[in-house]
Amino acid sequence: MSGQNAANQVAKLLGNVGRWSVILGLGGSALQASLYTVDGGERAVMYDRVRGVLDKAIGEGTHFRVPWLQSPNVMDIRTRPRSIASVTGTKDLQMVNITLRVLSKPDMQSLPAIFKNLGLDWDERVLPSIGNEVVKAVVAQYNAEQLLTQRDKVSSNVRESLMKRAKEFNILMDDVAITHLSFGTEFTKAVEAKQVAQQEAERARFVVMKAEQERRAAVIRAEGESESARLISEATKIAGGGMLELRRIEAARDIASTMSRSGNVVYLPSGNNMLLGINPGTGGRG
């Protein structure tokens with residue numbers, strides 16, 4: 001009889017343990033389903049089956065929710081990079097390839113509206129379309145040469161226009177930059193041909209200027225020689241034979257000065273004549 005009572009107590013105890021295990025399991029599952037965590041750099045937008053999307057985003061940490069009735073949607077609010085490529089035409093109908101690199105993030109105050117209107121992939125839905133739209137509108141205001149010489153101005157206009165356009169979707173732009181800009185093959189060849197032509201024109205202009213300077217120098221030299229001849233002629237008329245004698249003396253002095261620098265030549269005066277001789281030390285004859 002006592003053995004039967006012991007068995008009944010054991011069975012009763014095991015039944016109680018089983019019931020409490022089920023209760024604890026269900027409670028743990030319910031508690032786990034009621035908790036959710038928002039990591040750093042993220043915000044949660046709560047969707048309520050009764051009230052819809054709640055107007056306030058939920059910050060970082062661990063929070064409670066009503067299972068089945070509420071579901072949190074975690075959104076990344078950190079700045080993320082993205083490249084936008086566009087092929088468009090310039091003011092002078094030249095095709096240009098432009099690549100933008102944008103740094104964007106959602107406006108934290110408008111996360112519920114962004115989730116409601118765009119969803120979690122808001123950047124994929126918005127940025128490619130508005131990026132191409134802005135690039136085409138801005139580039140169409142410039143010709144091909146201005147895109148190269150005024151690149152800073154073009155980049156600034158693209159940045160301002162894209163920031164303004166993205167703000168309509170509650171998207172903030174931290175930075176917008178043109179990372180790549182190239183033209184078609186035909187335009188590139190035309191630019192190279194233009195540069196070669198400009199270099200040839202500069203070279204031709206230099207040759208013309210050089211010829212002009214040489215012509216002026218020749219004219220000035222001819223005028224100087226003509227003036228010198230005129231002065232000599234007038235001096236000859238005035239001085240008579242004295243002028244010729246002065247020229248002869250100056251010529252003889254120049255010749256004597258030149259020959260005096262030679263060590264093998266001696267000068268022996270003989271009346272009005274000058275005798276030239278060879279230095280005896282050289283073995284020659286005088």
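Further up the page is the structure itself.
Along every chain, residues carry numbers that run from 1 in the direction the sequence is written. Given that this is a predicted model, residues contribute local features only at a pLDDT of at least 70 and side-chain atom pairs are listed and counted only at 80 or more, while totals for whole chains, interfaces and linings are drawn from all residues. Side-chain descriptors were evaluated using all non-hydrogen atoms of the structure, hydrogens and water having been removed beforehand.

A. Spatial organisation of the pattern of salt bridges. For this analysis, a salt bridge means a side-chain nitrogen from Lys or Arg found within 4 Å of a carboxyl oxygen belonging to Asp or Glu. All told, the structure shown has eleven salt bridges when counted by the stated rule. In this structure, Glu212 and Arg215 form a salt bridge, with 2.7 Å as the shortest nitrogen-oxygen distance. Of this pair, Glu212 and Arg215 both sit in helix H6 (residues 185-239), separated by three residues, roughly a single helical turn. Given a relative accessible area of 29%, Glu212 falls into the partly exposed group. Each residue gets one of three labels from its accessible area relative to the maximum for its type: buried under 20%, exposed over 50%, partly exposed in between, using a 1.4 Å probe on protein chains only. Owing to a relative accessible area of 46%, Arg215 belongs among the partly exposed residues under this scheme. Salt bridges sharing common partners tie together Glu133, Arg165 and Glu168. Note on conventions: DSSP H or I runs of at least 4 residues are helices, E runs of at least 2 residues are strands, and numbering of each starts at the N terminus.

B. A look at the nonpolar core. Among buried residues, the Ala, Val, Leu, Ile, Met, Phe, Trp, Tyr and Cys ones that are joined through side-chain atoms within 4.5 Å form a nonpolar core. Core analysis: the largest hydrophobic core is formed by 35 residues, its most contacted members being Ile98, Leu100, Val102, Leu147 and Leu162. No other element matches the eight residues that helix H3 (residues 122-139) contributes to this core. Discounting chain neighbours no more than four positions away, the residues touching Ile98 are Ile84, Ala85, Ser86, Val135, Val139, Ile178, His180 and Leu181. If you look at the next biggest cluster of nonpolar residues, it comprises five residues, including Tyr36, Val38, Ala44 and Ile58. In this analysis, two residues are considered to be in contact whenever any of their non-hydrogen atoms come within 4.5 Å of each other.

C. Representation of the environment of Ser86. With respect to the helices, strands and loops of the structure, Ser86 is situated in strand S6 (residues 80-89). Residues Ser86 and Lys136, spaced 50 residues apart in sequence, show a C-alpha to C-alpha distance of 7.9 Å. Among all residues touching Ser86, those that are not within four sequence positions of it are Val96, Asn97, Ile98, Asn132, Val135 and Lys136. Within the structure, the side chain of Ser86 is placed 3.1 Å from the side chain of Asn132, a separation counted as a polar contact. Here a polar contact is recorded for every N or O atom pair within 3.5 Å, except that within protein the pair must consist of a potential hydrogen donor and a potential acceptor, and residues adjacent in sequence are included only if both atoms are side-chain atoms.

Worth remembering: the numbers are spatial, not functional.
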